[in-house]
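# Residue-level structural notes
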Amino acid sequence: MTYKVLDSSAAPLYPIREVSRLTGVNSVTLRAWERRYGLIRPQRTPKGHRLYARDDIERVERILQWLNRGVPVSQVRELLDQPQAAETSPPQVGDWDSQRQHLVHAVDSLDMGRLEALFNQSLALYPVSLCIAELWQPAIEQLEERWSDQFGATLQRRLLETFLRTRIGTRIYHANQSSNARELVVARLPEDSSGFWALLMGLAASAAGYRVQLIDGELPLGEFPMAIDCLGAKALLLASGQAERGEVVRRQLPRLAEQAEVPVCLAGPIARIRAGDFENTSVVLLGEDLGQAVGRLRSIVDGG
Amino acid sequence: MTYKVLDSSAAPLYPIREVSRLTGVNSVTLRAWERRYGLIRPQRTPKGHRLYARDDIERVERILQWLNRGVPVSQVRELLDQPQAAETSPPQVGDWDSQRQHLVHAVDSLDMGRLEALFNQSLALYPVSLCIAELWQPAIEQLEERWSDQFGATLQRRLLETFLRTRIGTRIYHANQSSNARELVVARLPEDSSGFWALLMGLAASAAGYRVQLIDGELPLGEFPMAIDCLGAKALLLASGQAERGEVVRRQLPRLAEQAEVPVCLAGPIARIRAGDFENTSVVLLGEDLGQAVGRLRSIVDGG
Amino acid sequence: MTYKVLDSSAAPLYPIREVSRLTGVNSVTLRAWERRYGLIRPQRTPKGHRLYARDDIERVERILQWLNRGVPVSQVRELLDQPQAAETSPPQVGDWDSQRQHLVHAVDSLDMGRLEALFNQSLALYPVSLCIAELWQPAIEQLEERWSDQFGATLQRRLLETFLRTRIGTRIYHANQSSNARELVVARLPEDSSGFWALLMGLAASAAGYRVQLIDGELPLGEFPMAIDCLGAKALLLASGQAERGEVVRRQLPRLAEQAEVPVCLAGPIARIRAGDFENTSVVLLGEDLGQAVGRLRSIVDGG
DNA sequence: ATAGGTTTTGTCAAGCTTTTGTACAT
DNA sequence: ATGTACAAAAGCTTGACAAAACCTAT
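Please read these numbers as outputs of a predicted model, since none were measured by experiment. (Residues numbered from 1 in each chain as written. Chains lettered and ligands numbered in written order. Predicted model: local features only at pLDDT ≥ 70, side-chain atom pairs only at ≥ 80, totals over all residues. Heavy atoms only, no water.)

For the rest of this paragraph, the subject is the interface of chain B and chain A. You'll often see interface size given as the accessible area lost when the parts meet. Taken residue by residue, the interface counts 37 residues in chain B and 36 residues in chain A. Overall, the association of chain B and chain A removes approximately 2900 Å² of surface from exposure, summing both partners, and the carbon and sulfur fraction of that is 57%. The three residues of chain B that bury the most area against chain A are Arg21, Leu155 and Tyr173 of chain B, which together make up 17% of that side's buried surface. In this structure, the connection of chain B to chain A is made through 2 salt bridges. Residue Arg165 of chain B is joined to Asp216 of chain A by a salt bridge in which the shortest nitrogen-to-oxygen separation is 2.7 Å. Where chain B packs against chain A, one counts 12 residue pairs in polar contact (both at pLDDT 80 or more). Breaking the side of chain B that touches chain A down by element, the ones donating at least two residues are helix H1 (16–23), helix H6 (112–125), helix H8 (154–177), strand S4 (211–215) and helix H10 (224–231) of chain B. Looking at the side of chain B that touches chain A, the element that brings in the most residues is H8 of chain B, giving 13 residues. Residues that form the side of chain B that touches chain A fall into these classes: 16 nonpolar, 11 polar and 10 charged. (Contact = heavy atoms within 4.5 Å. Buried area = accessible area lost by both parts, 1.4 Å probe. Salt bridge = Lys/Arg side-chain N within 4 Å of Asp/Glu carboxyl O. Polar contact = N/O pair within 3.5 Å; in protein donor to acceptor, adjacent residues only side chain to side chain. Helix = DSSP H or I, 4+ residues; strand = E, 2+ residues; numbered from the N terminus. Nonpolar A, V, L, I, M, F, W, Y, C, P; charged D, E, K, R; others polar.)

This is the structure we're talking about:
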């Protein structure tokens, strides 16, 4: 067992309690990680006390990123030991965080070319559900939050909308061509100003094999029964982000759900925010995560 | 009795329930046809469950065609075993009037399949400018007029919008890839509730060789200068149908036109209706006809 | 029972709960699929815990697609093991390769309905120049090559010719109606047995805005001067694929080029093959790629 | 069309092991 | 600080079950 050489240079070193505070990882856990998996190997004082360098703390943060993605602790070490392949090439495999940052920045600066490259690249490399869960959903949440502050960001919103509409629309179109599966109507809640969630929901459902009829403009709730009927849909899937003045929806949606002859489902952030409003109604809550939502949909549509 | 050879190739096989769902023939009936007349002979699993290939499903559909013509089930088999003559009705050429009627009817009855066929067929046979001038522009005018009466037609509106967005968006996207021409920003006037005119305008401009950045959502007029700037556009093209309360636009648009460093143009029905409002301002009126509008644009953009 | 080789590269591995979350498939079900049908075989830790790679997750998604199309679980495995089959990879967005394969196959099997669908769909979604460059030109090259071997393929040839003549002819006709641009005569070389290249060339030129007069039957070179003259053409555009015994052309074409009062241009594969033959003559070689050919044409016709 | 028996397939349960964060004694 | 211990959560396997879907024959 070799300890790092104590470097007398002016690099700051932190004791374990500080690292714990900075990263949010219990110090006991930090020690366990070191002992069990050799994940981090800080310097030691002559008495044996741990002294963490900046690099070590960054390493802990990278560990946390992997954990957040669902990778088991026991598997993280190998991932960290191959940093050059992973970290050096910017459009790298699996680095969703940096991809998301790039994405957000591309939208912010109206760099449509970059946006396009990121879209193509992500969807070419990973399964749709992963792209949505790891990249697009978080990125849009981040953007929405940022936009809620500033006023003048309508342009970014609109351009991203236009962009996603075309791309996702084309994908859905082609998928529909070769699918005989149950038809879904995917739409946004009337109060949702941006159609992002409906678009992503449509993409997710289409990738899962459903035939999707997307309605990406505002449509009064009252017209949905006709839509379901005319289009022969097996379920109605409504998606939305925030809902500011949800009164109308709260009252009308349960009624729609009873009236309709097919399941009426709700997904996206609103399904979390307004969860309480729809208890004991026929409205099916599919949760915030769009990937999971599609999963749950399966048992509802195909089961019923 | 010979069953088909089990083919190890990757042809999907469907159980009887799926065949029943796809063809509308009760599964009991399907079995009866097989037992009594040997009409279809699907593969079987080792345990005896039927597995239908695509060919089998098509066969069922042909059976239904004969039945619809009044042929008794017992006679169908002989008919199927004969090579069938191709029966294709070639699309009529140049009959724009009837095409438009079909189009309007397809939208009215939410027959998305028909809508798609008409779109594909028209654009495959005729130049874009002709399709717009003879088919899409008149059809949308007709629809808009009809919709202005009824209230509940939002669904039709939205579905047509969604449809056109995807198709036109894709076309513009690909045209942009292979074009180095002047960039245009095409958008709708803030007051235009439907984006049809902006979409058609974008299609026309793109087909004429321009790089088009489409903004198909509502954007406050105040944000356009930034849009033009960031996107490096050579002109701003606003399109719109009717505009009821045009006060805001009437006042703001001229100001925008003076402020902007590139020509600000107006096209679509509004350019006729509000023609008087913009005399003696910097706003360039391109007229109602979108094809002509693009023509005039050339002298403005490429000339300047 | 063989486990996958543990790969030391930095690929993230996910435990079953994460896969379940991402795909929406209950983890119990995932295990059942593995046990019963061997559908997915993830790596294992030394203690037997499953570790799914990204590939595995994609595999689960593909499974779900088949399930949604109604294929029974027990049948899915075979489908997954044959990924090259046409059914498995539905025509993706911009996936020209697969579109071309479909096209070639449709022609081969005389499936005119499919041929028409592909024609319509490609031209409806993408700009003409792109369709030619990415789909039609390569497809025809592929077909020509295939046909050069077999003898009995004349039927395919003729049917494709008839098909393209009608479609492209209609398009050119209508484009001419609304164009005031320079007139071109597009024809095939007398020795070219099939008119494909002339047809595509005509389509490309027409889409680029020229008025095109198409001559799609064989015409002796000697008659072209009169044709040019009578039709008031600004250039003569000859297109051809292979040319076996090019003697006649080699001698006559330069003479024609000198004689004629307008540029005489050559495009298509022959422009590459016989490039050497026309050095130091007045014949303008536009190259094999028809899209580029039109581009070069512009400087020649509009410049001269 | 119904009846009666079989197959398919998602889910549950029991019993045991592994993983992993935290607590406690040294 | 270290190492052991512990407990909750998550996994694994085998076996079984039940609803839905199928089959044949009447």
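The interface is formed by 27 residues belonging to chain C together with 32 residues belonging to chain B. Across the chain C/chain B interface, buried area totals approximately 2500 Å², and carbon plus sulfur atoms make up 61% of it. Its largest share of buried area at the contact with chain B, chain C owes to Ala124, Arg171 and His174 of chain C, together 20% of the area lost on that side. Here chain C is connected to chain B by 0 salt bridges. Linking chain C with chain B are 8 residue pairs in polar contact (both at pLDDT 80 or more), by the criterion used here. Where the side of chain C that touches chain B is concerned, the elements lending two or more residues are helix H4 (73–80), helix H6 (112–125), helix H7 (128–149) and helix H8 (154–177) of chain C. If you tally residues by element for the side of chain C that touches chain B, the top one is H6 of chain C, at 6 residues. Class assignment of the residues belonging to the side of chain C that touches chain B gives a composition of 13 nonpolar, 9 polar and 5 charged.

The environment of DNA strand D is formed by 24 residues, the closest being Thr29, Trp33 and Arg36 of chain A together with Thr29 and Arg36 of chain C. Contact distances for DNA strand D include 3.5 Å between a phosphate oxygen and a side-chain N or O atom of Ser74 of chain A. Of all elements in the fold, only helix H2 (27–37) and helix H4 (73–81) of chain A together with helix H2 (27–37) and H4 of chain C reach the threshold of two or more residues within the surface near DNA strand D. Classifying every residue of the surface near DNA strand D by side-chain character gives 12 nonpolar, 8 polar and 4 charged. (Near = heavy atom within 4 Å.)

To continue, consider empty space enclosed by the protein. Under the criterion given, the structure shown has 5 cavities of 30 Å³ or more. Lining the largest cavity are 15 residues, with Ala204, Ala208 and Val294 of chain A together with Thr23 and Glu61 of chain C positioned closest to its centre. At the level of secondary structure, the elements contributing two or more residues to the lining of the largest cavity comprise helix H8 (128–149), helix H10 (196–207) and helix H14 (290–303) of chain A together with helix H1 (16–23) and helix H3 (54–68) of chain C. With 4 residues, H14 of chain A is the single largest residue contributor to the lining of the largest cavity. When grouped by side-chain class, the residues that make up the lining of the largest cavity number 8 nonpolar, 5 polar and 2 charged. (1 Å grid on protein atoms, 1.4 Å probe; cavity = no way out; pocket = protein on both sides within 12 Å on 5 of 7 lines; lining within 4 Å. Points joined across faces, edges and corners; volume = space filled by probe spheres on them.)

Next up on the list: the sheet that holds strand S7 (residues 284–285) of chain A. Residue and element names in this part refer to chain A. Within the open sheet, the 5 strands sit side by side as S4-S3-S5-S6-S7. Their pairing is parallel. Edge positions in the sheet fall to strand S4 (211–215) and S7, since each of these pairs with one other strand and no more. Looking at chain direction, strand S3 (residues 183–188) and strand S5 (residues 235–239) are connected through 5 bridges and run parallel. Bridge assignment links Val185 to a residue of S5, and that residue is Leu236. (Pairing = 2+ DSSP bridges.)

Together, Asp55, Glu58 and Glu61 of chain B together with Asp111 of chain C make up a negatively charged patch on the protein surface. Inspection of the secondary structure puts Asp111 of chain C in the loop between helix H5 (96–108) and H6. (Patch = residues over 30% accessible without salt bridge, like charges linked within 9 Å, V, L, I, M, F, W, Y side chains within 5 Å. Areas by Shrake-Rupley, 256 points an atom, 1.4 Å probe, with all protein chains shown as cover. Lys, Arg positive; Asp, Glu negative; His and termini not counted. Charge placed at Lys NZ, Arg CZ, Asp CG, Glu CD.)

Let us now look at the packing of helix H5 (residues 96–108) of chain B against helix H7 (residues 128–149) of chain B. Residues and elements named next belong to chain B. One can describe the packing of H5 onto H7 by two numbers: an axis separation of 9 Å at closest approach and a directional angle of 45°. In this view, H5 runs oblique relative to H7, as classed from their interaxial angle. Crossing handedness for the pair H5 and H7: right-handed. For the pair formed by H5 and H7, the contact residues are Trp96, Gln99, Arg100, Gln101, Leu103, Val104, Val107 and Asp108 on the first element and Leu130, Cys131, Glu134, Leu135, Trp136, Pro138, Ala139, Gln142, Leu143, Arg146 and Trp147 on the second. Looking at side-chain class alone, the contact of H5 with H7 contains 12 nonpolar, 3 polar and 4 charged residues. (Axes fitted to C-alpha atoms, helices over the stretch in contact; angles between N-to-C directions. Parallel < 35°, antiparallel > 145°, perpendicular 65-115°, else oblique. Left-handed = near helix turned anticlockwise from the far one by under 90°.)

Turning our attention to the pairing of strand S4 (residues 211–215) of chain C. As a general feature of sheets, a regular strand has side chains that alternate between the two faces. Residue and element names in this part refer to chain C. The pairing of strand S3 (residues 183–188) with S4 spans 5 bridges and is parallel. Within S4, the residue paired with Glu183 across the bridge is Arg211. Read as a crossover between parallel neighbours, the route from S3 over helix H9 (residues 196–207) to S4 is right-handed. (Right-handed = clockwise from strand over helix to strand, strands pointing away.)

Now for the sheet that holds strand S3 (residues 183–188) of chain B. Residues and elements named next belong to chain B. Taken in spatial order, the 5 strands line up as S4-S3-S5-S6-S7 in an open sheet, and their pairing is parallel. With one partner strand each, in any of the chains shown, S4 and strand S7 (284–285) form the two edges of the open sheet. Sitting on the sheet, H10 is in contact with S3, S4 and strand S5 (235–239), with an inclination near 150° to S3. Seen against the sheet, helix H13 (residues 290–301) touches S3, S5, strand S6 (264–267) and S7 and runs at an angle of roughly 165° to S6.

Along the chain, Tyr14 of chain C turns up in the segment before H1. The spacing of Tyr14 of chain C and Asn68 of chain C is 54 residues in sequence and 25 Å in space, taken between C-alpha atoms. In contact with Tyr14 of chain C, other than residues within four places in its own chain, are Arg69, Gly70 and Val71 of chain A together with Val19, Arg50, Leu51, Tyr52, Arg54 and Ile57 of chain C.

This paragraph deals with the pairing of S6 of chain B. Residues and elements named next belong to chain B. Residues Val264 and Leu266 line one face of S6 and the alternating positions Cys265 and Ala267 line the opposite face, and both faces are buried. Judged from the 4 bridges that link them, S5 and S6 form a sheet pairing that is parallel. Bridging from a neighbouring strand, Leu238 pairs with Leu266 of S6. Direction of pairing for S6 relative to S7: parallel, over a ladder of 2 bridges. Among the inter-strand pairings, Leu266 is bridged to a residue of S7, identified as Leu285. (Buried < 20%, exposed > 50% of the residue type's maximum accessible area, 1.4 Å probe, protein only.)

With that settled, consider helix H2 (residues 27–37) of chain B. All names here are of chain B. Within the span of H2, buried status applies to Ser27, Leu30, Ala32, Trp33 and Glu34. Looking at the buried side of H2, the elements it contacts are H1, strand S1 (43–44), strand S2 (50–51), helix H3 (54–68) and helix H4 (73–81). Where H2 starts, the residue carrying a side-chain oxygen 3.0 Å from the main-chain nitrogen of Val28 turns out to be Asn26. Looking one or two places after H2, you find Gly38, whose phi comes out positive at around 60°.

What follows covers the packing of aromatic side chains. Tallying each qualifying case throughout the model produces 11 aromatic pairs over all chains. Consider the rings of Trp147 of chain C and Phe196 of chain C, whose centres lie 6.2 Å apart with planes at 35°: the pair is tilted. Linking Trp147 of chain C in helix H7 with Phe196 of chain C in helix H9, this pair joins segments that are 49 residues apart in sequence. Of the two residues, Trp147 of chain C and Phe196 of chain C, neither departs from the other in class, the shared state being buried. An aromatic cluster is defined as three or more aromatic residues linked by ring pairs; in this entry it consists of Phe119, Trp136 and Phe163 of chain A. Of note, Arg69 of chain A hangs over the ring of Trp66 of chain A, and the distance from its end group to the ring centre comes to 4.6 Å. (Phe/Tyr/Trp six-rings, centres within 6.5 Å; stacked < 30°, edge-to-face > 60°. Lys NZ or Arg CZ within 6 Å of the ring centre and 35° of its normal.)

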